[in-house]
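Residues per chain are reported as follows:
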Amino acid sequence: MLLDKIFGFLSNNVGIDLGTATTAVYMQGKGIVMYEPSIVAIDVKTRKVLAVGKEAKDMVGKTPENIQAIRPLRDGVITDFEVTQVMLSYFIKRALGSTLFKPKPRVVIGVPTGITPVEKRAVIDAAKSAGAREVFLVAEPMAAAIGADLPVDEPLGNMVVDIGGGTTEIAVISLAGIVVSNSLRVAGDEMNEAIIQYIKRQFHILIGEQTAERIKIELGSAVMEDEERSMDIRGRDMTGLPRTIKITNHHITEALEDTISSIINAIRVTLERTPPELAADIADRGIVLAGGGSLLKNMDKRIQLETGIKAYYCEEPLIAVARGVGKILDNLELISRISME
């Protein structure tokens, strides 16, 4: 009896949202157990891994020449297979803990829709090398829709806009399939870069990615606000010396306009390609927003303003994909229908 209880706790399967900016890990029976930046710090001379996740992110922009903080996914695709495998292995092994006497888990991984066959194989191999017995790949917008509790297997039009770090994934889903999709390599990272370039152009100050991220969170907005808010930021001027300037939310809204417009245009194009019956469903049901990039202030209002369709956030947008792969774990029939393999 005691052994039965022990082994019942050991059969935990794993769901992973393999994001450009952040990787979330869902553990069967436990929920989200890890939410870490998709970054690996390595010693370029010895190729030794020094840190993964949050510890590695803290090193970004602060490393000596022999240490690199690498983001192995860029614009939603894998740019460094080896480092991706290291990162995946680390996350899976950390989630599972000691594998002594434990049966190998089933792993479901949410990946961008634009992933290539070679990249699929790299992800599968990484998961298997970390101890997975089976690996299934699921498109991120499908996982986000399931995580948002949308009726994906019914004959209804469900539209999901998942704005992550590297890509904006837009999909219309019906009968457990993606009817129309659009994958745009413009998302949270592009917003940060737009802020960096704007401040460089307007104020002749150089700032880093982490400062740009903080500015986006505190002052960023998808629509121009009446009330003005400001903050002091520090950077390096063109002479190479540190300098402090004051910027406002109006500056940052202006900086983000081109990026926001690109996302809005992609949503419009997807709606134009949607069959009329499903488009009518979407007009009634609205557009569901997921992903960290969607949390830019007033993004829902901007989408509604531009499309005429209500846009609303799913519960906990940051972990919608991870929650979705977690729900898929036990449903083998659903896995067989939506797997990208």
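Residues numbered from 1 in each chain as written. Predicted model: local features only at pLDDT ≥ 70, side-chain atom pairs only at ≥ 80, totals over all residues. Heavy atoms only, no water.

- As annotated in an unreviewed UniProt entry, the protein chain carries the name Cell shape-determining protein MreB and comes from Hydrogenivirga caldilitoris.
- Per its UniProt entry, the protein chain bears the Subcellular location (unreviewed entry) comment "Cytoplasm". (UniProt positions renumbered as here; feature names shortened; annotations may be inferred.)

## Looking at the nonpolar core
Argument step 1. Formed by 42 residues in total, the largest nonpolar core has its most connected members in Ile199, Ile207, Ile215, Ile247, Ile267 and Ile287.
Argument step 2. Broken down by element, the residue count for this core peaks at nine residues, all from helix α8 (residues 249–272).
Argument step 3. Shared between two domains, this core holds at least three residues of each, these being domain 2 (155–186 + 261–314) and domain 3 (188–255).
Argument step 4. Contact partners of Ile267, with chain neighbours within four places excluded, come to Met159, Val161, Ile170, Ile287, Ile303 and Thr307.
Argument step 5. Counting 31 residues, the second largest nonpolar core, distinct from the first, contains Leu18, Leu73, Val111 and Ala132. (Core = buried A, V, L, I, M, F, W, Y, C linked by side-chain atoms within 4.5 Å. Buried < 20%, exposed > 50% of the residue type's maximum accessible area, 1.4 Å probe, protein only. Helix = DSSP H or I, 4+ residues; strand = E, 2+ residues; numbered from the N terminus. Domains from an automatic or database assignment. Contact = heavy atoms within 4.5 Å.)

## So, unusual backbone geometry
Argument step 1. Phi angles above zero are rare outside glycine, and Leu175 is one such case at about 50°.
Argument step 2. Here Leu175 is to be found in the loop between β12 (168–174) and β13 (177–184).
Argument step 3. Phi at His204 is positive, roughly 55°, even though this residue is not glycine.
Argument step 4. Here His204 shows up in the loop between α6 (188–203) and β14 (205–206).

## Brief notes about the sheet that holds strand β16 (residues 242–248)
Argument step 1. Taking strand neighbours across the sheet as the criterion, the three strands line up as β14-β15-β16 in an open arrangement whose pairing is antiparallel. What marks the edges here is a single partner per strand, and that holds for β14 and β16.
Argument step 2. Summarising the sheet, strand β15 (residues 230–237) and β16 pair through seven bridges and their orientation is antiparallel. Residue Gly235 lies in a different strand from β16, and its bridge partner there is Arg243.
Argument step 3. Against the sheet, α6 touches β14, β15 and β16, its axis set at about 105° to β16. (Pairing = 2+ DSSP bridges. Axes fitted to C-alpha atoms, helices over the stretch in contact; angles between N-to-C directions.)

## Quick look at the domain arrangement of the protein chain
Argument step 1. With domains assigned, the protein chain is organised as domain 1 (2–142 + 320–338), domain 2 (155–186 + 261–314) and domain 3 (188–255).
Argument step 2. A C-alpha centroid distance of 26 Å is found between domain 1 and domain 2.
Argument step 3. Residue-level contacts link 16 residues of domain 1 with 16 residues of domain 2.
Argument step 4. Its largest share of buried area at the contact with domain 2, domain 1 owes to Asp75, Pro141 and Met142, together 43% of the area lost on that side.
Argument step 5. Our enumeration of links across domain 1 and domain 2 arrives at zero salt bridges. (Buried area = accessible area lost by both parts, 1.4 Å probe. Salt bridge = Lys/Arg side-chain N within 4 Å of Asp/Glu carboxyl O.)

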